[in-house]
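Residue-level structural notes
The residues making up each chain are set out below.
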Amino acid sequence: MERTGPGLPEDMEALSRQASALRVALERSAENTEGMVAALGSFDRRVSAIEASVRPIQVRSQAMTMAHENIDRTIENAEATLAQLGIVRRAEAVILRGPHENLESFLEAVDLLKGVAHFFSSNKNFKCCEGVLNQVNNLLTMSALKIEEEFRQLMGAYSKPIEPDRLFDYLPKPLLASKGDSGAVGEQTSAIYRNPTLIPSGILPLLNDIARQLVKDGNQQSCYKIYRDACGSALELSLRKLGIEKLSKDDIQRMQLVALRVNIETWTQIMQITVKILLAGERKNCDQIFDGVIFNKDQCFAELAGSSVMALLSFGDTVAKSIRSHDNLFVLLQMYGVMHELQSEVEVIFQGKFCSEMREAALNLTKSLAQAAQETLVDLEKAVEKNSSKTIMQNGGVHPIATEVINYVKSLFDYQSTLEILFQQSETGSGAESHLAGVIMKIMQNLQSNLNEKSKQYKDPALSHIFLMNNLHCMVLSVRRSQAKDILGDDWIQRHRKIVQQNANQYKRAAWASILQTLSVQGTGGTGSSPSDVSTTGVSRSMIKERFKSFNMQFEELHAKQSQWAVPDQELRDNLRLAIAEVLLPAYRSFINRFGSLIQRGKNPHKYIKHSPEALDQLLGQFFQGQQVGEQKQ
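Note that the structure is a prediction, hence the values are computed from the model and not measured.

With respect to the pattern of salt bridges
Side chains that differ in charge, positive against negative, can pair when their charged atoms come close. On inspection of all chains with the given rule, the structure shows 18 salt bridges. Here Asp460 and Lys561 are joined by a salt bridge, their closest N and O atoms 3.1 Å apart. One end of the pair, Asp460, is in the loop between helix H16 (432–455) and helix H17 (461–480); the other, Lys561, is in helix H19 (residues 541–562), with 101 residues separating them in the sequence. The class of Asp460 is partly exposed, set by a relative accessible area of 22%. Two residues, Arg577 and Asp574, come together in a salt bridge whose shortest N-O distance is 3.9 Å. Taken together, the residues Arg577 and Asp574, both in helix H20 (residues 570–600) and three residues apart, mark about one turn of the helix. For Arg577, a relative accessible area of 13% translates into the label buried. One connected set of salt bridges, linked through shared partners, spans Lys225, Arg228, Asp229 and Glu303.

Here is the structure:
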């Protein structure tokens, strides 16, 4: 055998030795494994024998453990049951006493009983305690009845009608003092209304707690009815004591104006008391009592206030639809002013869908009153223009229609703020002040036209001008001394003063032109006279006598007639007398100075020269005194 490389035989031997050693190791490992398996089998048999001997002991031990656990659980349940029974006993004592003494303790006892009921009903291991559960449920039923009765008693005790004297005391003093324009909203918005204590502040939290409990117990309807009936009855009685009547349209139309105004004055104050005092306080109480309560308080409030509020609004609506005479304009404005003033409170107090009927009724009444007032103003303008009174002022004094209309216009300014609001909310589109100015301007124009027509009834032109002068002067004076001046302006005053002066001048021409003609130099010559009758100056003595006789006769007629005429305004009367004297007396003096000597040289001069200029001046002072003031209807 050839050697293929150096050292090969040595390597083969080494490998052979390693393989032999490995074989020996494997044989030895197998022997060890067989020994281990045999040992383990022997150990297992010994353990099984031990377990068999111990098992009865383990069973007895587990049974004892379970028994101890059952005993512990039984003791715990017994202790829990005893604790719940103790709670029931303590709560029962509180429930039997009722909520009146200590509401907080009563409500705590109710909550504890509910906890007990839940404890027994939710644990199936306490079926043996059904008697206790029944007792608890009976106590809870009793507590619900007692809490409901407590709510009824408290609401009954504190829901009492308020006497009228007390209610009127809560109105602002300026409002009570002002009878002429209690509807003028501009003067009343700053007024402070004091709210009465309908329910003491210390009682409100108690009522809130009770209401919460009633609703929690499922007694919402009882809570609702008790509150509604108690408060609604008190409100209705309070209003009934104030004396508002339910009147029909026929009742109102038959009512005398004075009585109607008294009723409306009462109504406006009751509306303010109802909304600003009673309902505002009631709404506040309602919100506090049912604060945090799942409860339809808006519906409850609507039902308790509905009948009373609708009755008041119905009265106003009947008035708005029943009267259109201009005599009633101011009561309409008064009512409109109050309703407009209350509108913001109405929106707050009658909020929500359940109060929508009252809210809309109040708004509709405000609109109806506005419409009625505007229509009445239009009717007034027409009535002034078409007034067909046949009354003739025989003395030429101020006609009743002028006095009536002037006073009416003055009264409009007592309601200026209300009228401006009325015009602002109308659909005319013009400014409120300019609209008011237009109304007053139209009324005054129509009055002037009517007076012009009435002046044509006089047969004496002079008295016709006296009549117009007096009436127009009265118009000017009233405007100048009132707020109408700011509306009509100085131009209107100056223009009508000129018309007054024009009538005064026309009176002078109509009344005095003829008598002044007798004092004229023209026609006093001697042409056609006998030589013995003509003076050295060529003046006819007989003509002069006739002139004096004619003057005396005319003046006496004028004096007899015009001393019965009237110029009521002293300044105008004095100015008119002066204007006559400034024309008449100089002409008379001049005539006497020129021709008086002719008369003085004849027989009975006093037969012709009856009056000295000074005496004439005194007689002029008797003109326009209205010595026989009277009216005559034709």
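Focus on the packing of aromatic side chains
The tally for this structure, following the rule as stated, stands at 16 aromatic pairs. Between the aromatic rings of Trp267 and Phe315, the centroid separation amounts to 6.1 Å while the plane-to-plane angle is 35 degrees, which identifies the pairing as tilted. Of this pair, Trp267 sits in helix H10 (residues 257–289) while Phe315 sits in helix H11 (residues 297–322); the two residues are 48 residues apart in sequence, bridging distant segments of the chain. Residues Trp267 and Phe315 agree in their burial class; the two are buried. Judged by centre distance (6.0 Å) and plane angle (40 degrees), the rings of Phe555 and Phe623 are tilted. Remark: Phe623 occurs in the loop between helix H21 (613–620) and strand E2 (631–633) and Phe555 occurs in helix H19; sequence separation between them is 68 residues. The class of Phe623 is buried, set by a relative accessible area of 0%. A connected cluster of aromatic rings, assembled from ring pairs, spans Tyr507, Trp512, Phe551, Phe555, Trp565, Tyr588, Phe623 and Phe624.

Here we look at the side chain of Glu381
In this structure, Glu381 sits in helix H13 (residues 356–385). The side chain of Glu381 is buried and forms no salt bridge, while Lys442, the nearest opposite charge, is found at 6.0 Å. Among all residues touching Glu381, those that are not within four sequence positions of it are Val439, Lys442, Ile443 and Asn446.

Regarding a negative patch on the surface
A surface patch of negative charge is lined by Glu104, Glu108, Asp111 and Asp209. Broken down by element, the negative patch gets its largest block of residues, three residues, from helix H2 (residues 103–122). Summarising the element assignment, Asp209 is placed in helix H7 (residues 204–216). On the basis of relative accessible area, Asp209 is assigned to the partly exposed category, the value being 32%.

What to know about the packing of helix H8 (residues 220–242) against H10
When two helices pack together, their arrangement is given by the angle between the helix axes and the distance between those axes. H10 packs onto H8 with a crossing angle of 160 degrees between their chain directions and a minimal axis gap of 11 Å. As judged from the angle between their axes, H8 and H10 are roughly antiparallel. Handedness of the crossing formed by H8 with H10: right-handed. Across from Tyr227, Cys231, Leu235, Ser238, Leu239 and Leu242 in H8, the residues of H10 making contact are Thr266, Ile270, Ile273, Thr274, Leu278, Leu279, Glu282, Asn285, Cys286 and Ile289.

The rules behind these values
- Residues numbered from 1 in each chain as written.
- Predicted model: local features only at pLDDT ≥ 70, side-chain atom pairs only at ≥ 80, totals over all residues.
- Heavy atoms only, no water.
- Salt bridge = Lys/Arg side-chain N within 4 Å of Asp/Glu carboxyl O.
- Helix = DSSP H or I, 4+ residues; strand = E, 2+ residues; numbered from the N terminus.
- Buried < 20%, exposed > 50% of the residue type's maximum accessible area, 1.4 Å probe, protein only.
- Phe/Tyr/Trp six-rings, centres within 6.5 Å; stacked < 30°, edge-to-face > 60°.
- Lys, Arg positive; Asp, Glu negative; His and termini not counted.
- Contact = heavy atoms within 4.5 Å.
- Patch = residues over 30% accessible without salt bridge, like charges linked within 9 Å, V, L, I, M, F, W, Y side chains within 5 Å.
- Areas by Shrake-Rupley, 256 points an atom, 1.4 Å probe, with all protein chains shown as cover.
- Charge placed at Lys NZ, Arg CZ, Asp CG, Glu CD.
- Axes fitted to C-alpha atoms, helices over the stretch in contact; angles between N-to-C directions.
- Parallel < 35°, antiparallel > 145°, perpendicular 65-115°, else oblique.
- Left-handed = near helix turned anticlockwise from the far one by under 90°.

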